[in-house]
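# Close look at the chain arrangement
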Amino acid sequence: MRILPAVSVHFRHRLLIAWLGLSGLAMAAPIDAERVWTGTNGKTIRASLFQILEDGELLELATGDGKIVRIKVSSLAEPDRNLVEAHLNARKPKAEEAPDLTQFQPTAEPVRDTLPAIDPAEFAIKSNESLSAAFVTFLLWWEQEGVLPIPKRGDLNSKVTWARKRMLRYCDDRNSLSRGLAGIGEYFRKELENVATYRAKTDHDMSPANLARCATGANAVILSTTLRYKNGAQFSHSVSLASATAEGKAVIYSWGKKFTGQIKVMKADPKPITLDQQTVSRTIYEFEISNRGDLPTRYQDAEVRILLDPGTRDGILLVKPFVYGRAGHRAPAPPDPLFDRRDTTDPPLPPAPDLKVPAEIRFVSGVPVERTWHLGNGSKVEGRLTGATGPSLTIKGRNGKVSTIEESELTQEDRAIVVFWRGTLGAVVAVPRLELTYRLTRPKDRIVEIKVDCEGPRCRVTLPGSRKHLVLDIESGAFLTRSHPNARSVERVTAGKFAASKIFPAIDFNLGTRPVDRYQTFYDGLPGTRWSNDFPFPSRSIVCPFNTSGHTVKHPRVDYSRVDAPAVMTGLYQLLAGQSALDKPGPQGSPIVFSDGFGTSFHQGFQHLLPVLRRASMLPLRIEWTNDYNRSILDEELRQEMAGKFLLELVQARVPDGFPDDHFDLPAEANAAEPGTFQVLSKP
């Protein structure tokens, strides 16, 4: 199955489904519903149909990681080709029918150099809101030029305030192109559902010629750039591109000002780089500002430079609105060469990587476990665990005496020791339930206790110090959160269902240079990992070589045991690395339903560690890492909060005989919820 580079979004389609390595043929279902598409080579992708291009020869499928992938119909397996053909035949108009040319109002040709200058100080716009603020600039411009009204009555100030709050809700507060793409889709779907639709894409070709192609007509063009200080510090910042010429002259709006200048090559590099399924050169451009005196004082003092660098994932977010001819008469966005154009000279993308994780590993050395073993009847046995045959354990005492005991005779704590020891021998160990207590130590000796219980597909994460807990079923995605803000407040309870792409992400294969090889090298190196001699639980230790550009986490050390506990891994991910539980907010409240407050979710790169470990069934018993300053955050206090040495370590473990009957209970509202939605059952 050949996947071609392109990105395009329509509000009717939710990008909720993550890449899944599934097999089997597509089941009978509506063609635009979530389904498994199968290629002639046997590879599959779970996605929903976005649109059909090139007279039925090309499909665009929406996946759950915020991307659109293109697949040739000829590369599909026969059942899927037949489904597409039947769909196309059903769509063919009768001979006497003429196409409806009045579905959309004529597109206005506004003056592009008249973008409104929004003063961030006047509307309390923070530096990490630059992408949403750049789009708000175009929303106001569309209204003042008669292209598309803002669905809010009032003066300019009230409209700016309303639009800013909406875009912050839909785009969060991150300057991410993919999140911005999804957030703009949310805006059109929720605020303009019966008024307009749109075409949108991301583009990493930052050449002046391509910028000139984009900055035409009523297109909103947002540039994700890199601001570089004279001391070398740099962070992401988005600006509104008003105009550009193929010769490099350009006009941008940011910080409440209009800036003119010239786009020049800063560093030519013809080597290719693939970003969001688009292959471009690594050439870095610089926007040299003519009116530097209009920059905010802090940027003048820092001698800031505006770079367009594909190496830091800079790019273009391009949006074009289409207003319906009659309100409520919705229709798909019409074709547009700028959005449908693809560069046929680009080399084909490689197939999705197939990492080989061995089911059993032959380690170079064993893990010695010598201790006092406690039995449930109160007796003790001292010695080294030397072997196991099924549930029977062999323990050799210091005097050479060999004892055989049944694993079920041990206390719940010692059973956990045996489970972890078995997991250091090479094969993955299955365990019906686990009760784990971790301790998170942060800079300035701040310690947080975390309890994670699991039984089958369900887990319960509890923060005893803050009286919060999360109950989650990783198979259905149903969840419940409960928190007690303080002794005088009513507890807050939320219930719903995770979107597939949020519960536990697939490994991001677009990190750094040849990251797939790096991951495979990591898995291939597992047999050489040795046992941890400075940790009370049987485990092996490895330093993870996942440093990539832009990451703040540096070479985390992990002590692990090969235990099949996906529910525990998912619970830890949601607590420590997740940023938003859902793809869209529910009918009430915020989309973030279980926030840790530790700051680890801002550790760039840490969110990729747990998926890598989970793929090899490496249950982390201890993770030690150093987080550098995140230069994209200007708040010095927050930067200090997130920087320094962090340690997550297991302090207590048990294999219980069972849990209370209601320990993993989920309410009917959670099980009945649609994926990606939740509701507040009670709140303060």
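What counts and how
- Along every chain, residues carry numbers that run from 1 in the direction the sequence is written.
- Local features in this predicted model are restricted to residues of pLDDT 70 or higher, and side-chain atom pairs are both shown and tallied only at a pLDDT of 80 or more, whereas totals for entire chains, interfaces and linings draw on every residue.
- Side-chain measures were taken over the full set of non-hydrogen atoms in the model, leaving aside hydrogen atoms and water.
- For helices the rule is a DSSP run of H or I covering at least 4 residues; for strands it is a run of E covering at least 2, with both sets numbered from the N terminus onward.
- Exposure classes here rest on a 1.4 Å probe applied to the protein chains alone. A residue is buried below 20% of its type maximum, exposed above 50%, and partly exposed in between.
- Any pair of residues with heavy atoms lying within 4.5 Å of one another is described as a contacting pair.
- Here the open area of atoms and residues is found with the Shrake-Rupley method and a 1.4 Å probe, where only the protein chains shown may cover a residue.
- Put simply, two rings from Phe, Tyr or Trp (the six-membered ring, in Trp's case) pair if the centres are within 6.5 Å, and we call them stacked under 30 degrees between planes, edge-to-face over 60, tilted for the rest.
- A ring is scored as having a charge over it whenever the NZ atom of a lysine or the CZ atom of an arginine sits within 6 Å of its centre and within 35 degrees of its normal.
- Here, a salt bridge means any Lys or Arg side-chain nitrogen found within 4 Å of an Asp or Glu carboxyl oxygen.
- In this description, strands pair whenever DSSP reports at least two bridges between them.
- Only the stretch in contact is used when fitting a helix axis, every axis being a line fitted to C-alpha atoms; angles between N-to-C directions are given from 0 to 180 degrees.
- Think of a polar contact as two N or O atoms within 3.5 Å of one another; within protein, one of them needs to be a possible hydrogen donor and the other a possible acceptor, and neighboring residues in sequence only count if both atoms come from side chains.
- Should an angle lie under 35 degrees it is considered roughly parallel, over 145 roughly antiparallel, and from 65 to 115 roughly perpendicular; all remaining angles are considered oblique.
- By definition, any crossing whose near helix is turned counterclockwise from its far helix by less than a right angle is left-handed, and any crossing with a clockwise turn is right-handed.
- Residues are sorted three ways: Asp, Glu, Lys and Arg are charged, Ala, Val, Leu, Ile, Met, Phe, Trp, Tyr, Cys and Pro are nonpolar, and all the rest, Gly among them, are polar.
- Here, the term nonpolar core denotes a set of buried Ala, Val, Leu, Ile, Met, Phe, Trp, Tyr and Cys residues that are joined through side-chain atoms within 4.5 Å.

## What to know about the overall build of the chain
- Assigned secondary structure in the chain consists of 14 helices and 32 strands.
- Relative to its full complement of 684 residues, the chain shows a buried share of 53%.
- Across the chain, the fraction of contacts at a sequence separation of at least 24, relative to all contacts at a separation of at least 6, is 65%.
- Accessible surface for the chain amounts to roughly 30700 Å². Of this, 49% is attributable to carbon and sulfur atoms.

## Some points on the side chain of Q412
- By secondary structure assignment, the location of Q412 is in helix α8 (residues 412-423).
- In this view, Q412 contacts A653, R654, V655, P656 and D657; residues no more than four positions away in its chain are not counted.

## Topic: the packing of aromatic side chains
- Taken as a whole and assessed by the stated rule, the structure comprises 16 aromatic pairs.
- Taking the centre distance of 5.9 Å and the plane angle of 85° together, the rings of F135 and W142 count as edge-to-face.
- Centroid distance W625 to F646: 5.5 Å. Interplanar angle 15°. Geometry classified as stacked. Taken as a pair, W625 in strand β30 (residues 618-627) and F646 in strand β31 (residues 644-654) lie far apart in primary sequence, 21 residues in all. Of the two residues, W625 and F646, neither departs from the other in class, the shared state being buried.
- When the ring centre of W373 is taken as origin, the NZ or CZ atom of R371, which lies over that ring, is 5.2 Å away.
- One cation-aromatic arrangement involves R540 over F363; the distance from NZ or CZ to the ring centre is 3.8 Å.

## Points about the pattern of salt bridges
- Enumeration over the complete set of coordinates arrives at 20 salt bridges.
- Here D336 ties to K320 by a salt bridge, and the two come within 2.8 Å at their closest N and O atoms. In this pair, D336 is assigned in the loop between β15 (315-323) and α7 (337-340) and K320 in strand β15, connecting sequence segments 16 residues apart. Neither D336 nor K320 differs from the other in exposure class; each is buried.

## Structural notes on the sheet that holds strand β19 (residues 402-406)
- Read across the open sheet, the four strands follow the order β16-β17-β18-β19; overall the sheet is antiparallel. Two strands close off the open sheet at either side, each with one partner strand: β16 (370-374) and β19. Put simply, the sheet's adjacent strands are angled 55° from each other on average, direction ignored.
- With five bridges connecting them, strand β17 (residues 380-389) and strand β18 (residues 392-396) associate as antiparallel partners. Considered in β18, the bridge of A388 is made with L393.
- Helix-sheet contacts for α8 involve β16, β17 and β18, and the interaxial angle to β16 is about 140°.

## Focus on the side chain of D559
- As for its position among the elements, D559 is in strand β29 (residues 553-564).
- Residue class for D559 comes out buried when judged on its relative accessible area of 1%.
- Among the polar contacts listed, one links the side chain of D559 to the side chain of S541, at a separation of 3.4 Å.
- Reaching out from D559, the side chain makes a polar contact with the side chain of R557 at a distance of 3.2 Å.
- In contact with D559, not counting residues within four places along its chain, are S532, S539, R540, S541, L619, P620, L621 and R622.

## What about the packing of helix α3 (residues 156-171) against helix α4 (residues 177-191)?
- In contact at an axis separation of 8 Å, α3 and α4 are set at 125° when each is read in the N-to-C sense. By the angle class used here, α3 and α4 are oblique. Crossing handedness for the pair α3 and α4: right-handed. Residues W162, R166, M167, Y170 and C171 of α3 form the contact with α4, whose own contacting residues are R179, G180, G183, I184, E186, Y187, K190 and E191.
- Within the contact of α3 with α4, the residues separate by chemical class into six nonpolar, two polar and five charged.

## Side note on the packing of helix α2 (residues 130-144) against α3
- Between α2 and α3, the least distance of the axes is 9 Å, while the angle of their chain directions is 135°. Of the possible angle classes, the one that applies to α2 and α3 is oblique. Relative to α3, the crossing made by α2 is right-handed. Here α2 contributes L131, S132, F135, V136, L139, L140 and E143 to the contact with α3, which in turn contributes L156, K159, V160, A163, R164, M167, L168 and C171.
- Residues of the contact of α2 with α3, tallied by class, amount to 11 nonpolar, one polar and three charged.

## Focus on the environment of L58
- Relative to the helices and strands, L58 resides in strand β4 (residues 58-62).
- Note on L58: relative accessible area 1%, which makes it buried.
- Taking the C-alpha atoms as reference points, L58 and V73, 15 residues apart in sequence, are found 5.5 Å from one another.

## What to know about the environment of L59
- Within the element layout of this structure, L59 appears in strand β4.
- Sequence separation of L59 and V84 is 25 residues, and the distance between their C-alpha atoms is 9.1 Å.

## Structural notes on the nonpolar core
- Counting residues in each nonpolar core, the largest one holds 75 residues, and the members touching the most others are F420, I450 and L619.
- Broken down by element, this core gets its largest block of residues, seven residues, from helix α11 (residues 566-576).
- Core analysis: the second largest hydrophobic core is formed by 38 residues, I118, A163, Y170 and A220 among them.

## Considerations on unusual backbone geometry
- Of note in the backbone geometry, W255 takes a positive phi value of approximately 55° without being a glycine.
- Following the sequence through the fold, W255 ends up in the loop between β9 (249-254) and β10 (257-267).
- The exposure class of W255 is buried, given its relative accessible area of 13%.
- At S617, a position not held by glycine, the phi torsion is positive, near 55°.
- Assignment of secondary structure puts S617 in the loop between α12 (606-615) and β30.
- Accessibility expressed as a relative area gives 18% for S617, which makes it buried.

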